[in-house]
Amino acid sequence: MSEVAFIVLARAIHVMSGVTWAGTAFVLATVISRTRGPWLGDAARRAGALSGISAVLTILSGLFLFAALHPHDNSVGGLVLKSGAMAALLSLAVGLLIARPAGLELARLHENRDDAASQGAIRQLSRLRTRTVVSARVAAALLAVAVLAMAVFRYAAAVG
């Protein structure tokens, strides 16, 4: 396969997985985080898994594309692209280091309904819900920055 074919394949993977990652993050941050119900934990687990896989594919394909197409780009557009990439990496870090552990602990506490009756458990559930919602919103906001940067980086020189 030629280098151009690899670039086209990587771009297709980057765009499709990026759309999936960002879309999942936006749904988690806006819809699922405001909803309560017995199906919520299962929906969040599935969405989280899909988001994680999409994030890894997006970042790996993005690294390849950056190395192949913009290895030494210090232009205004290159800086916008790098800023978007950094926002995406920060979003992944927030998801992996804050949202996922809090969500897993929240799910574990919901499964152990006997423990959920105490005041301490209720306070812990409240803190975990808050941590999950805030981290989902932060991750989604960072992905919004990344999406905007990827969309406009080619035109940044004309503005700047």
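Just so it is clear, the model here is predicted, and its values are computed rather than measured. (Residues numbered from 1 in each chain as written. Predicted model: local features only at pLDDT ≥ 70, side-chain atom pairs only at ≥ 80, totals over all residues. Heavy atoms only, no water.)

## Observations regarding the side chain of Ser51
- Tracing the sequence through the fold places Ser51 in helix H2 (residues 40-69).
- Note on Ser51: relative accessible area 11%, which makes it buried.
- For Ser51, the contacting residues outside a window of four places in its chain are Trp21 and Thr24. (Helix = DSSP H or I, 4+ residues; strand = E, 2+ residues; numbered from the N terminus. Buried < 20%, exposed > 50% of the residue type's maximum accessible area, 1.4 Å probe, protein only. Contact = heavy atoms within 4.5 Å.)

## Observations concerning the side chain of Ser91
- By secondary structure assignment, the location of Ser91 is in helix H3 (residues 76-111).
- For Ser91, a relative accessible area of 3% corresponds to the buried category.
- Not counting the four nearest positions on each side in its chain, Ser91 is found in contact with Trp21, Ala139, Leu142 and Leu143.

## So, the confidence of the model for the protein
- In the predicted model, the protein carries a mean pLDDT of 87, and the fraction of residues at 70 or more is 89%.
- For the protein, the element scoring lowest by mean pLDDT is helix H5 (residues 156-159), at 81; helix H1 (residues 3-30) scores highest, at 93. (pLDDT = per-residue confidence, 0-100.)

## Focus: the environment of Phe153
- Following the sequence through the fold, Phe153 ends up in the loop between helix H4 (119-152) and H5.
- Setting aside residues up to four positions removed in sequence, Phe153 forms contacts with His70, Gly77, Val80 and Leu81.

## Some thoughts on the packing of H1 against H4
- Packing of H1 against H4 brings their axes to within 8 Å, and their N-to-C directions diverge by 145°. For the pair H1 and H4, the crossing hand works out as left-handed. Facing Trp21, Ala22, Ala25, Phe26 and Ala29 of H1, the residues of H4 in contact are Ala136, Arg137, Ala140, Leu143, Ala144 and Val147.
- Looking at the contact of H1 with H4 residue by residue, the classes come out as 10 nonpolar, no polar and one charged. (Axes fitted to C-alpha atoms, helices over the stretch in contact; angles between N-to-C directions. Left-handed = near helix turned anticlockwise from the far one by under 90°. Nonpolar A, V, L, I, M, F, W, Y, C, P; charged D, E, K, R; others polar.)

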